[in-house]
Amino acid sequence: MVSADFAERPVKKLVLFDVDGTLSPARQNASLEIIQLLRDLRKQVAIGFVGGSDLVKISQQLSVGDFNVLQEFDFGFAENGLTAYRLGSPMESQSFIKMVGEKDYQELVNFILHYIADMNIPIKRGTFVEFRNGMINVSPIGRNATVQERNDFEAYDKEHHVRADFVEILQEKFKRLNLTFSIGGQISFDVFPHGWDKTYCLRHVEKDNFEEIHFFGDKTRKGGNDYEIFSDSRTVGHTVESPADTKRICTELFLS
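I will try to describe carefully the structure that is included in this document. What you see is a predicted model; the values in this text were computed from it and never measured.

**Some remarks on the overall build of the chain**
- Helix and strand counts for the chain stand at 9 helices and 11 strands.
- Since a compact globule built from 256 residues should have a radius of gyration of about 18 Å, the 18 Å found for the chain is in line with a globular shape.
- For the C-alpha atoms alone, the extent of the chain along its principal axes is close to 55 × 35 × 30 Å.
- Evaluated residue by residue, the chain yields a buried proportion of 54% over its 256 residues.
- A separation of at least 24 residues holds for 67% of the contacts in the chain among residues at least 6 apart in sequence.
- In the form shown here, the chain has an accessible surface area of approximately 11,900 Å², with 48% of it arising from carbon and sulfur atoms.
- One way to put it: in the chain the 30 positive side-chain charges average out to a point 2 Å from where the 38 negative ones average out.

As structure tokens, then:
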């Protein structure tokens, strides 16, 4: 039986959403249509977001109008759930640096920065390694790139496999650290300990006993940062191509 906090929802299911490419264009704000969709869904089911970015970035993308992400989502999972909220209250968090250790962390980051310095790509900007609570985010072009530069790099990467080749080298070089390298968004990939992918968030909802957990994401192919939770036996996975696709499928499944 579903927990008392969600007993009044007509449908005893949880619907989880990736953020970039699913609820909003990558690193851009969600539309008013998506915000209304989320509010309509919450009248029927429990809802949550699960993103690789930190809470500040996710909040920037989803705080449209008077929408408050921690008040209007039942569950908020930043950094794959390593920073977690349930009904607006924080849950237990985890730390990448404590898990890996300072010595190995520095060796990893030094190698990454040297590799990027020697990389020959059309443009580079700034913030190539971003340290987060539960992971690091690595961007060959740099996270300071403009929207157009991000779009251009994404197209270049699809042809030249810059991120995939980089990940392959890191996997071999740092095999002993038991890390996962997960490509997501347009310009970067995440690095975190094995098991700290988006399935990590599922441990936070086990006690609520939902009948089903649905997950919507765009990077659901193997190697993408939605793959593990999309393919997990505990979820019903849905691949989307855009926020408009998310709205269409959710409306068909839960609001018709």
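**Some points on the sheet that holds strand S9 (residues 188–193)**
- Pairing within the open sheet is antiparallel, and its 4 strands lie in the order S6-S7-S9-S8. The open sheet has two edge strands with one neighbour each: strand S6 (129–131) and strand S8 (179–184). Averaged over all pairs of adjacent strands, the angle between their axes in this sheet comes to 25°, without regard to strand direction.
- In terms of strand pairing, S6 meets strand S7 (residues 136–138) through 3 bridges, oriented antiparallel.

**Comments concerning the pattern of salt bridges**
- In total, this model carries 25 salt bridges according to the counting rule given.
- With its nearest N and O atoms 2.8 Å apart, the salt bridge here joins arginine 86 to aspartate 5. Of this pair, arginine 86 sits in strand S4 (residues 83–86) while aspartate 5 sits in the segment before strand S1 (13–17), placing them 81 residues apart in sequence.
- Residue arginine 39 pairs with aspartate 66 through a salt bridge whose shortest N-O separation is 2.9 Å. Residue arginine 39 is found in helix H1 (residues 32–42), and its partner aspartate 66 is found in the loop between helix H2 (55–62) and helix H3 (69–72); the two are separated by 27 residues along the sequence.
- Accessibility expressed as a relative area gives 62% for aspartate 66, which makes it exposed.

Calculation notes
Residues numbered from 1 in each chain as written. Predicted model: local features only at pLDDT ≥ 70, side-chain atom pairs only at ≥ 80, totals over all residues. Heavy atoms only, no water. Helix = DSSP H or I, 4+ residues; strand = E, 2+ residues; numbered from the N terminus. Rg over C-alpha atoms; globule rule 2.2 N^0.38 Å. Buried < 20%, exposed > 50% of the residue type's maximum accessible area, 1.4 Å probe, protein only. Contact = heavy atoms within 4.5 Å. Areas by Shrake-Rupley, 256 points an atom, 1.4 Å probe, with all protein chains shown as cover. Lys, Arg positive; Asp, Glu negative; His and termini not counted. Charge placed at Lys NZ, Arg CZ, Asp CG, Glu CD. Pairing = 2+ DSSP bridges. Axes fitted to C-alpha atoms, helices over the stretch in contact; angles between N-to-C directions. Salt bridge = Lys/Arg side-chain N within 4 Å of Asp/Glu carboxyl O.

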